[in-house]
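Analysis of the macromolecular model
The chain contents come next:
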Number of protein chains: 2
Amino acid sequence: MLRPWKTILHINLDCEKAVFQQIADGITEEIRKGRLQPGMPLPGSRVLADDLGVNRKTVVLAYEELLAEGWLQSAYKRGTFVSEKLPVATGSRKRQGERNRTAPERFGFMMHRSGMVSSRIAEKSVITFNDGLPDVKLAPLDELSRAYKRIFQQKARCQLLGYGNERGEERLRAAVSTMLTHDRGLHVKMDSICITRGSQMALYLTAHTLVRPGDVVAIESPGYLPAFEAFTYAGARMHPVKVNEQGICVVELEKLCRRKKVKAVYVTPHHQFPTTVSMKADRRMELIALSNKYGFAIVEDDYDHDYHFGLRNLLPLASYADAANVIYISSLSKLIAPAVRIGYVTGPKDFIDSLSALRMIIDRQGDTVMEHAVAELMEEGIIHKHARKALGVYRERREHMAVSLDKYAHRIATYRKPEGGLAYWITFNQYINTEELAVKLLKKGVQVTAPDKFFFDNMPVSALRLGFASLDNHALEEGVKIIAANVKF
Amino acid sequence: MLRPWKTILHINLDCEKAVFQQIADGITEEIRKGRLQPGMPLPGSRVLADDLGVNRKTVVLAYEELLAEGWLQSAYKRGTFVSEKLPVATGSRKRQGERNRTAPERFGFMMHRSGMVSSRIAEKSVITFNDGLPDVKLAPLDELSRAYKRIFQQKARCQLLGYGNERGEERLRAAVSTMLTHDRGLHVKMDSICITRGSQMALYLTAHTLVRPGDVVAIESPGYLPAFEAFTYAGARMHPVKVNEQGICVVELEKLCRRKKVKAVYVTPHHQFPTTVSMKADRRMELIALSNKYGFAIVEDDYDHDYHFGLRNLLPLASYADAANVIYISSLSKLIAPAVRIGYVTGPKDFIDSLSALRMIIDRQGDTVMEHAVAELMEEGIIHKHARKALGVYRERREHMAVSLDKYAHRIATYRKPEGGLAYWITFNQYINTEELAVKLLKKGVQVTAPDKFFFDNMPVSALRLGFASLDNHALEEGVKIIAANVKF
């Protein structure tokens, strides 16, 4: 030790940390950094105390602690040393110039990648057509806040804040079960529901419970990238199947089934992502018949089922009499706000049992407080009321979007009012590079998502999905106007 | 159709649902159930209207909707039929007695299993020695509730409730980074932190980013089952390595490294789970040196680091100068309450990048509201204050537990005061079947966890981990007394 101890061990009497601790910390810091090496002697307690200007007992206490922890050793009459048992910290040697020692071997790992983007919209001045998110400004946040408060104030709160059930709180599963019966024609027992962190976790769990590496999974194309990634990550070989005006092309799917053992098909029948097409009744029944014939699972993503503008809400595949192979996924996130991450998955009891065991390994359980708060909003009818109110607002915006499109875009693109969901799908009349368009538009103050991420078969893309729900009439019109003005064939 | 329409379609004028919708729903229900089959004729609108006692226009509206959805088809002058394009629903055939048709092919899936238990403690009359949970009654729940309230009231709340960052809210990562610097001697940039749903998700993500199927992972034995499961589920071949009074047996580990390429080692150095042993300084440095020599990752689980009863808190392996291969995991859940699922993982930037991409696929992001609420408690020093207060209470309970053990159990078991953490590890002086003991104890009103789940090498087990933090002095003494009275060698 060339430097005096005073410059190494900085004693601060105002510090919350006891002085003996500051000394002990300083010494171990020097050892860990390799500046004090095994076998090096430490000054006697009296010397160090003098040097630091502290009581000798304080130094003794620090040394005793370090001896107990194994940092130091003491030899009778010879004094105190850095423990010989400690290996030499290599950090030090570099500093001392031994540059030719071998660098530490580094561990390797896998490079996961995701094409999903989670950017929060940053600039206010930009008109953002997202991919179909609800307007958080309409969300029943005051009610949600009050529900949280009540839960924190209730007597049983300590019970709630311990560990919960990996399938989700019973209270919420009961509320979801009731809602599914009323709104979706589904009769599901509480044990066959697993509450998840948004529909994304439902997709991940489903994929990892269904798929062994190499299994074939069919997916709509264009389709929903996060589902594609969840299945791919589980090891599935993905087979995109075309979507037309009636929904997924069942004939093409059956051809695939004849060639390969298809494990599962992922579909969004209520209004297809991204094209907004509602799957017609005959397609639905054919798809179910195929699944029973070939024994594949239908993973039905019934997202945004509350946002349907037709006269009548379409019931999901899972509600059909023959739907023995349907795994049903939906979410409350879009009904309240994206950050309220509550999704759910239902299916055969033994499937949900298996999926729930995996969930336990991933994150043990959901957010019990949030689950109770949302259950309360459901029980009190607040969610239902909110959905109806929001639907009215979105209906109006959907109309205004149509007016704007008719005004500015009818010559360059085809589109039609979506029967459900919160986005328009517009197809340009001629090919246009939408990625370049997106870059150009951003400079003009309009943000759109280039749709190449929706196409899994590498087809040239000439369409946009324009979410309209979070924009007011002025922004909608202005946005459409700017898009139209920048499309050049 | 043999039954009259009136008994099939139940019209309720008080129902919130429009009458035409009730008619349309009733008809599709009959089709989906297979009672109305493809090609069957429907009554004329006038006839049906008379039969049901409704206006004809209402029936026409229902039929038009069903035609548009593809359920019905109409033939010029011949009337309206159930669409021929619909496949026959098989549910019906069974009802009609065609029992010899083939049953639908069912989809197969994997049976996941977890040995983890998430039971909420049900009976109040039972004295529960959990495996080391904090006392939720001490948690700063009022402060947490107020933080939630403030977040819901703030102007930017709509921003917060949209999508967030998959690594966690910046504000919380900043607070965690500051805390790590102050309390754990770790200097971590915000980008190298990923906030997770409790430490369990940190383990899951780490395992799935490190391990390819077949990779060798070493784990302390006895050890932490949820970590064992996370790595196993990622496909690791697990190698249990013994733990003694100094911590994991480094000599044994090096033997393993010489025989096989070890990918990672999972350790709990601060106070080992379940034995409560703190890893000694020489072991720590040897372990780091080994990891640099053989290029394996050290996954350091620094759980409960706030609960240390010694004079000086031990700094984690990750703070050592040579610790190039350490992935550091910890959690705030036990500091606040198990249901507040906030953990975190830090490591090399590129590793955290990869891990965060996987996180995106699993559940997109964390709970932004909770993350802000917890960040606020950290910024305001409430968490720190709570930890100090709780530590005082736990110190007292730890003392009382020692007194109780000395009074009732000193003849039958060895144990020592844990340096950190919220549990005692007691080893019986002779072999005893702890599973049978647990069953017997439950009948006497004491719940303990049989420790066979901690041992990964199938050794006979004769010890118990007794969490003391949630029990008051009376319960502690009574519990220990009952355990001692029921141990018979």
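As the structure is a prediction and not an experimental result, all values here were calculated from the model.

Concerning the pairing of strand 6 (residues 237–244) of chain B
Residue and element names in this part refer to chain B. Relative to strand 6, strand 5 (residues 216–221) is paired through 6 bridges, and the arrangement is parallel. When the sheet's bridge partners are listed, alanine 218 is paired in strand 6 with histidine 239. In this region the chain leaves strand 5, passes through helix 10 (residues 225–233) and returns to the parallel neighbour strand 6; the handedness of that crossover is right-handed. Judged from the 2 bridges that link them, strand 6 and strand 7 (residues 247–248) form a sheet pairing that is antiparallel. Across the sheet, residue valine 243 finds its bridge partner in strand 7, namely isoleucine 248. Here strand 6 hands over to strand 7 after 2 residues, the two strands then running antiparallel side by side.

Considering the packing of helix 2 (residues 19–32) of chain B against helix 4 (residues 56–69) of chain B
Residues and elements named next belong to chain B. For the pair helix 2 and helix 4, interaxial distance at closest approach is 8 Å and the crossing angle is 50°. The angle between helix 2 and helix 4 falls in the class oblique. Between helix 2 and helix 4 the crossing geometry is right-handed. Residues Val19, Phe20, Ile23, Ala24, Ile27 and Thr28 of helix 2 form the contact with helix 4, whose participating residues are Thr58, Val59, Leu61, Ala62, Tyr63 and Leu66. Per-class residue counts for the contact of helix 2 with helix 4 are 10 nonpolar, 2 polar and no charged.

Section: the relation of the copies chain B and chain A
When chain B is brought onto chain A, the operation consists of a screw motion whose angular component is 180° and whose axial shift is 0.0 Å, with 0.1 Å RMSD remaining. Viewed as a symmetry operation, the transformation between the two copies matches a two-fold axis. Most of the interface of chain B is mirrored in chain A, where 99% of its interface residues are also at the interface.

Regarding the nonpolar core
One finds Ile27(A), Phe129(A), Ile27(B) and Phe129(B) to be the most contacted residues of the largest nonpolar core, which totals 248 residues. Not counting residues up to four positions away in its chain, the partners in contact with Ile27(B) are Trp5(B), Leu9(B), Leu36(B), Leu42(B), Tyr63(B), Leu66(B) and Leu72(B). Residues Cys194(A), Leu203(B), Ala230(B) and Ile327(B) belong to the second largest nonpolar core, which totals 90 residues.

What about unusual backbone geometry?
All names here are of chain A. Across the junction of phenylalanine 273 and proline 274, the peptide omega takes the value 5°, indicating a cis bond. The residue proline 274 is located in the loop between strand 8 (262–267) and helix 12 (281–294) in this model. Of note in this structure, threonine 276 is not a glycine but carries a positive phi near 70°. Among the secondary structure elements, threonine 276 is positioned in the loop between strand 8 and helix 12. Overall, threonine 276 belongs to the buried group, its relative accessible area being 7%.

Focus: helix 17 (residues 434–443) of chain B
All names here are of chain B. What helix 17 keeps buried is the set Thr434, Leu437, Ala438 and Leu441. Down the axis of helix 17, the smallest arc covering the buried residues is 100°, so these residues share one side. Among the exposed residues of helix 17, those pointing more than 90 degrees away from its buried face are Glu436, Val439 and Lys443. As for helix 17, its buried residues are in contact with strand 13 (423–428), strand 14 (446–447), strand 15 (463–467) and helix 18 (473–486). The positive-phi residue at the C-terminal boundary of helix 17 is glycine 445, with phi of around 90°.

Topic: the pairing of strand 9 (residues 297–301) of chain A
All names here are of chain A. Within strand 9, 5 of the 5 residues are buried, leaving the element largely enclosed by the surrounding structure. Residues Ala297, Val299 and Asp301 line one face of strand 9 and the alternating positions Ile298 and Glu300 line the opposite face, and both faces are buried. Bridge count for strand 8 against strand 9 is 4 bridges, and the pairing is parallel. Pairing of alanine 264 across the sheet is with alanine 297, part of strand 9.

Describing the sheet that holds strand 6 of chain B
Residue and element names in this part refer to chain B. Reading across the sheet, the 8 strands line up as 4-11-10-9-8-5-6-7 and stay open at both edges, with mixed pairing between neighbours. On the outer flanks of this sheet lie strand 4 (193–196) and strand 7, each paired with one strand and no other. Sheet strands touched by helix 12 (residues 281–294): strand 6, strand 7, strand 8 (262–267) and strand 9 (297–301). Its angle to strand 9, the strand with the most contacts, is close to 145°.

Here we look at the packing of aromatic side chains
On inspection of all chains with the given rule, the structure shows 33 aromatic pairs over all chains. An angle of 85° between the planes, with centres 5.4 Å apart, marks the rings of Phe273(B) and Phe454(B) as edge-to-face. Placement of the pair is Phe273(B) in the loop between strand 8 and helix 12 and Phe454(B) in the loop between strand 14 and strand 15, with a sequence separation of 181 residues. Its relative accessible area of 5% is what places Phe454(B) among the buried residues. Residues Trp425(B) and Phe454(B) carry aromatic rings whose centres are separated by 6.4 Å and whose planes lie at 50° to one another, so their mutual orientation is tilted. On the criterion of sequence distance, the pair formed by Trp425(B) in strand 13 and Phe454(B) in the loop between strand 14 and strand 15 is long-range, its members being 29 residues apart. Neither residue differs from the other here; Trp425(B) and Phe454(B) are each classed as buried. Among the aromatic side chains, those forming a connected cluster through ring pairs are Tyr224(A), Phe273(A), Tyr303(A), Trp425(A), Phe454(A) and Phe455(A). Looking at Arg364(A), its charged tip hangs above the ring of Tyr163(A), at a distance of 4.5 Å from the centre.

Cut-off values and rules
- Residues numbered from 1 in each chain as written.
- Chains lettered and ligands numbered in written order.
- Predicted model: local features only at pLDDT ≥ 70, side-chain atom pairs only at ≥ 80, totals over all residues.
- Heavy atoms only, no water.
- Pairing = 2+ DSSP bridges.
- Helix = DSSP H or I, 4+ residues; strand = E, 2+ residues; numbered from the N terminus.
- Right-handed = clockwise from strand over helix to strand, strands pointing away.
- Axes fitted to C-alpha atoms, helices over the stretch in contact; angles between N-to-C directions.
- Parallel < 35°, antiparallel > 145°, perpendicular 65-115°, else oblique.
- Left-handed = near helix turned anticlockwise from the far one by under 90°.
- Contact = heavy atoms within 4.5 Å.
- Nonpolar A, V, L, I, M, F, W, Y, C, P; charged D, E, K, R; others polar.
- Least-squares fit on C-alpha atoms with pLDDT ≥ 70 in both.
- Core = buried A, V, L, I, M, F, W, Y, C linked by side-chain atoms within 4.5 Å.
- Buried < 20%, exposed > 50% of the residue type's maximum accessible area, 1.4 Å probe, protein only.
- Arc of directions from axis to C-beta.
- Phe/Tyr/Trp six-rings, centres within 6.5 Å; stacked < 30°, edge-to-face > 60°.
- Lys NZ or Arg CZ within 6 Å of the ring centre and 35° of its normal.

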